[in-house]
Amino acid sequence: MTKNQTLLNLALTLLPIIASVVISSILILAVGSDPRGVFEKLWEGAFRNSNALAGVLNFWIPLTLASIGLVVTFRAGLWNIGVEGQMMMGAVFASWAARTLVLPTPLLIPIEIAVAMLGGAAWGVLVGLLKTRLGVHEIFGGVALNAIANVFTIYLISGPWQPPEGGSAQATPPFPDYTLLPELSGEFPVSLFALVLTVVAIGAIFLALRGTRWGLELKATGKNPRSALLLGVPTERSALSALIVCGALAGIAGAYRVLFTYDSLRPLASGGIGFLALLVVLLVSMKTLLVPLVAFLVAALFTGSTRLKVALQLDQSLADVLQGTVVLMVLLSNGLRERLALRGRVGEGEPETEFKPIAPVTTEAPTYE
Amino acid sequence: MDIELRNIHKWFGSIHANNDITVTLKGGRIIGVLGENGAGKSTLMKILSGFQPADSGEISIDGKPAVYHGPQAAIANGIGMLQQDPLDVPAFSVLENFLFGLSLNRKEARKRLVEISQRFGFDLDPDTPVANLTIAQRQQQEIVRLLALGVKTLILDEPTTGISAEQKQLLFDTLQSLARQHGMTVLLVSHKLEDVIALCDEVIVLRAGKLVGDRQMPATTQQLVRLMFGQEFAPPTRERVPLGEPVLRLDGVLLRDKRLTIDTCTFQVRAGEVVGLAGLDGSGQELLIRACVGLVKPNRGSIVLAGQDMTGKPYRHYLQCGIAFGAAGRLEEGLIAGLTLTEHVALANETDPLIDCDAAREHTANQLALYNVRGRAEDPIEQLSGGNQQRLLMALMPEEPLAMVLEQPTRGLDVDSASWIWQQLLARRASGTAIVFSSADLDELVAYSDRILVFYAGQVYEIDDASTVTIDDLGHLIGGEFEGSGAGRRLA
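Residues numbered from 1 in each chain as written. Chains lettered and ligands numbered in written order. Predicted model: local features only at pLDDT ≥ 70, side-chain atom pairs only at ≥ 80, totals over all residues. Heavy atoms only, no water.

## Points about the overall build of chain B
- Each helix and strand in chain B was counted, giving 16 helices and 21 strands.
- Taking 2.2 N^0.38 as the reference for a compact globule, 492 residues should give roughly 23 Å; the C-alpha atoms of chain B span a radius of gyration of 24 Å, in line with that estimate.
- Along the three orthogonal principal directions, the C-alpha set of chain B runs to about 70 × 55 × 40 Å.
- Sorting the 492 residues of chain B into buried and exposed places 55% on the buried side.
- Here the analysis covers contacts within chain B between residues at least 6 apart in sequence; of these, 66% occur between residues at least 24 apart. (Helix = DSSP H or I, 4+ residues; strand = E, 2+ residues; numbered from the N terminus. Rg over C-alpha atoms; globule rule 2.2 N^0.38 Å. Buried < 20%, exposed > 50% of the residue type's maximum accessible area, 1.4 Å probe, protein only. Contact = heavy atoms within 4.5 Å.)

In structure tokens, the structure reads:
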């Protein structure tokens, strides 16, 4: 990649952020408030002291985990909307471990995490099997499985895992302290274990996508599963492994929500972080190393917005508006990026592809095998 | 309408696709545009028809400079192009497709459509969905549409690929009438020199981006080949190779897809044998080919590869057992747009879980040199020309497979590239590889096959000794006239 392209890429990544700041400023002016004040309060909300920063990190950890999981499925060409449900199943499985197992904390926590990964991965592989075996598009399968995961959680909370004083379907009884992820300190309540795990996961996925056959097979499957199959790539295994890895990472994110953010299983414990992760991945256009950065910005925005109401009597939903603006701008800049790529697409000799579309394929070759 | 091109340049990366092309195209003539793959003729035609801009140079129409961007603007300037695969909307009817770009209401449009179709003897029902038309009819409807849009120069890219002899004659009559009676300019891009000789008044020849020839017809095939390549080619020679053991055997196989059934076909291919599959597109040869590699599972019967029962096994199993498969659509089935050449080679040839980038690049560079692929290891595959893509596909296949099963291996390739591919195939055959291939080119089938299977609507006819069959016989068989042909026997 040349220097110019790198600069252009950076510009296209920053463009939506700058554009959404400008547009939201106009919106804030329109409702009669001061954009500077709003952004100041947002900043304060996120960074005024170590406690606030810990809040940002607590959001960043599950968001980053889910996002890098999604980088993997996107690489394999799969729109894993089911990531939200995979987080929920991770949360459910972790809750089971926390409620059932009685072990010393250093031993129990890795087991809880492993069980959560299993739950998320199982939910992920289900999306995959629906797609490769039964031809159900992963978006539809994912949406359905998200709903099922939510209903299942509510069933557990209002049924078998109901608090003894009677279920208001608010939450399960709090898990015992020894089952929860320990805080670093009172001023800086962050789980060091989860933080390290997240950083390791980023590095591992980055290296795996870059320099392994598995990563190359994912890329091939994502770009053209049919050709990949014909070149000898086990495309079904490839797609399923992507969903398993993503599910497992989302599972850790779900476990984090119930074992640290909360201390019990709640409906929608995932807090929509899976959907936010989709936004993050769209924003970074699948560049693994940009994920933590962008996830941090999103987490800061989200955490900071809680301050808006307290300080400016502005509704917190303004943060949603900001987010919505970001999404739109990202999609627009992605469109722009594609357009530029198309224009710059250099064909050597005669690029056969452009105006000689698909050859008549009369028989239906399988795509996943 | 006279078109004058002056000093046209077009660069793609480091490739000078059109290098200082200056030529005048006179109205009322049919002009052949010749050149091998990658010579720059498609680039020039795309510039002329507005699909891409030139980097520098001028176009003037009837003496007036013309600057236009996009196909619509080109059409407004009177230049329209008929793509090799028609750019129409299959789900829409002929009339609806005809309406694109026209400011007529449906009633007027229908009248116009019928009137133009009748003038040229086209059989186009305005209400038939385009999906139900043959390639030739789709071309006809594109021609009619472009004429209604007032096009005065018509560019056709390989228009005779995949259409029958009668339809070809009708197309040629139409083009001649357009040029002679209506004073239109017709530009014909074609690899088929016999078409060019039959039709054109003049040819322009490109080689490596430059205009190397502009001559009046008539000319002989040899003269045209010399213009295109700077040299002549000897006709292919084929040595007899002693046949070995049966490699691939289909036993009482019943194959079915949405459109046709091949009932109870039994045949085998022996080591070192070349079996050609003939037939119009969609006659069943694709189905059989895909059954040979496990991509279509037979509804009945068995498939045996080197003594091993492969019935119902997945494609990858066939691959591991020594079958190499090449599909007709290179970028749809075979290569992956967006991946580099190195990534392709690593995918196909390496098995290590960790990828050593330097080693992979070096290995790729070797393969590229060995297979004469013009491209760099780090280039994305879609940047290569068709001939180079096909050579890379060959490089990705195993060195000594048991059998190679190839769909139209020389589709869209020029004489030079095609003969290179066949050299490779014949070399592998000499070391005992069995070859099964399909082709739309009857000369190719007769020249290279030991045996030919002819397909017609799912029926299969076997010609035992391909050297005894004439092109003419083969033409009749492809048309379904199996009865009374003495060349072979019915298989299924």
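Having put the structure on the table, let's press on.
## A few points about the sheet that holds strand β15 (residues 308-309) of chain B
All names here are of chain B.
- One open sheet accounts for four strands, arranged β12-β11-β14-β15; its pairing is antiparallel. The open sheet has two edge strands, β12 (261-270) and β15, and neither has a second partner.
- Looking at chain direction, strand β11 (residues 246-256) and β12 are connected through seven bridges and run antiparallel. Of the residues in β12, the one forming a bridge with R256 is T261.
- Docked against the sheet, helix α9 (residues 285-292) engages β11, β12 and β14 (300-305), running at close to 125° with respect to β11. (Pairing = 2+ DSSP bridges. Axes fitted to C-alpha atoms, helices over the stretch in contact; angles between N-to-C directions.)

## A few points about a nonpolar patch on the surface
Residue and element names in this part refer to chain A.
- Together, L7, L10, L14, I18, V22, I23, I26, L27 and V321 line one region of the surface with nonpolar side chains, adding up to about 770 Å² of accessible area.
- The element that contributes the greatest number of residues to the nonpolar patch is helix α1 (residues 3-30), accounting for eight residues.
- Considering the arrangement of structural elements, one finds I26 in helix α1. (Patch = residues over 30% accessible without salt bridge, like charges linked within 9 Å, V, L, I, M, F, W, Y side chains within 5 Å. Areas by Shrake-Rupley, 256 points an atom, 1.4 Å probe, with all protein chains shown as cover. Salt bridge = Lys/Arg side-chain N within 4 Å of Asp/Glu carboxyl O.)

## Describing the environment of A:A220
- In this fold, A:A220 is placed in helix α8 (residues 213-223).
- Owing to a relative accessible area of 0%, A:A220 belongs among the buried residues under this scheme.
- The contact partners of A:A220, leaving out residues within four places of it in the chain, are A:P225, A:A228, B:I336, B:L339 and B:L347.

## Side note on the packing of α8(A) against helix α11 (residues 341-349) of chain B
- Following both chains from N to C, one finds α8(A) and α11(B) inclined at 110°, their axes separated by 11 Å at the closest point. The orientation of α8(A) relative to α11(B) falls into the category roughly perpendicular. Between α8(A) and α11(B) lies a crossing of left-handed hand. Contacts between α8(A) and α11(B) involve A:R213, A:L216, A:E217, A:K219 and A:A220 from the first element and B:E343, B:A346 and B:L347 from the second.
- By residue class, the composition of the contact of α8(A) with α11(B) is four nonpolar, no polar and four charged. (Parallel < 35°, antiparallel > 145°, perpendicular 65-115°, else oblique. Left-handed = near helix turned anticlockwise from the far one by under 90°. Nonpolar A, V, L, I, M, F, W, Y, C, P; charged D, E, K, R; others polar.)

## Comments concerning the packing of aromatic side chains
- Counting across every chain of the model gives 12 aromatic pairs over all chains.
- Taking 6.0 Å as the distance between ring centres and 25° as the angle between the ring planes, the aromatic pair formed by A:F47 and A:F296 counts as stacked. Of this pair, A:F47 sits in helix α2 (residues 35-47) while A:F296 is found in helix α12 (residues 291-304), placing the two residues 249 residues apart along the sequence.
- Judged by centre distance (4.8 Å) and plane angle (75°), the rings of B:W422 and B:F437 are edge-to-face. Placement of the pair is B:W422 in helix α14 (residues 415-430) and B:F437 in strand β18 (residues 434-438), with a sequence separation of 15 residues. (Phe/Tyr/Trp six-rings, centres within 6.5 Å; stacked < 30°, edge-to-face > 60°.)

## Observations concerning unusual backbone geometry
- A cis amide bond, omega 5°, links B:M217 with the succeeding residue B:P218.
- Positionally, B:P218 belongs in the loop between β10 (210-216) and α8 (221-229).
- With phi around 55°, A:L268 is a residue other than glycine that occupies positive phi space.
- Within the secondary structure, A:L268 sits in the loop between α10 (235-261) and α11 (273-284).
- Unusually for a residue other than glycine, B:N372 sits at a positive phi of about 60°.

## Some thoughts on the domain arrangement of chain B
Residue and element names in this part refer to chain B.
- Partitioning chain B into structural domains gives domain 1 (3-229), domain 2 (246-322 + 399-490) and domain 3 (337-397).
- Each of domain 2 and domain 3 has a C-alpha centre, and these two points are 28 Å apart.
- With 11 residues of domain 2 in contact, the opposing surface of domain 3 contributes nine residues.
- Both sides together, the interface formed by domain 2 and domain 3 hides about 900 Å², and carbon and sulfur atoms give 64% of it.
- On the surface where domain 2 and domain 3 come into contact, there are two residue pairs in polar contact (both at pLDDT 80 or more).
- When residues of the side of domain 2 that touches domain 3 are traced back to their parent elements, those giving at least two are β17 (403-407) and α14.
- Of all the elements, α14 adds the most residues to the side of domain 2 that touches domain 3, at six residues.
- Classifying every residue of the side of domain 2 that touches domain 3 by side-chain character gives seven nonpolar, two polar and two charged. (Domains from an automatic or database assignment. Buried area = accessible area lost by both parts, 1.4 Å probe. Polar contact = N/O pair within 3.5 Å; in protein donor to acceptor, adjacent residues only side chain to side chain.)

## Points about the environment of A:L240
All names here are of chain A.
- With respect to the helices, strands and loops of the structure, L240 is situated in helix α10.
- Residue classification places L240 among the buried residues on the basis of a relative accessible area of 13%.
- Taking the C-alpha atoms as reference, L240 lies 10.0 Å from L78; in sequence the two are 162 residues apart.
- Filtering out sequence-adjacent residues up to four positions away, L240 remains in contact with V125, G128, L129 and T132.

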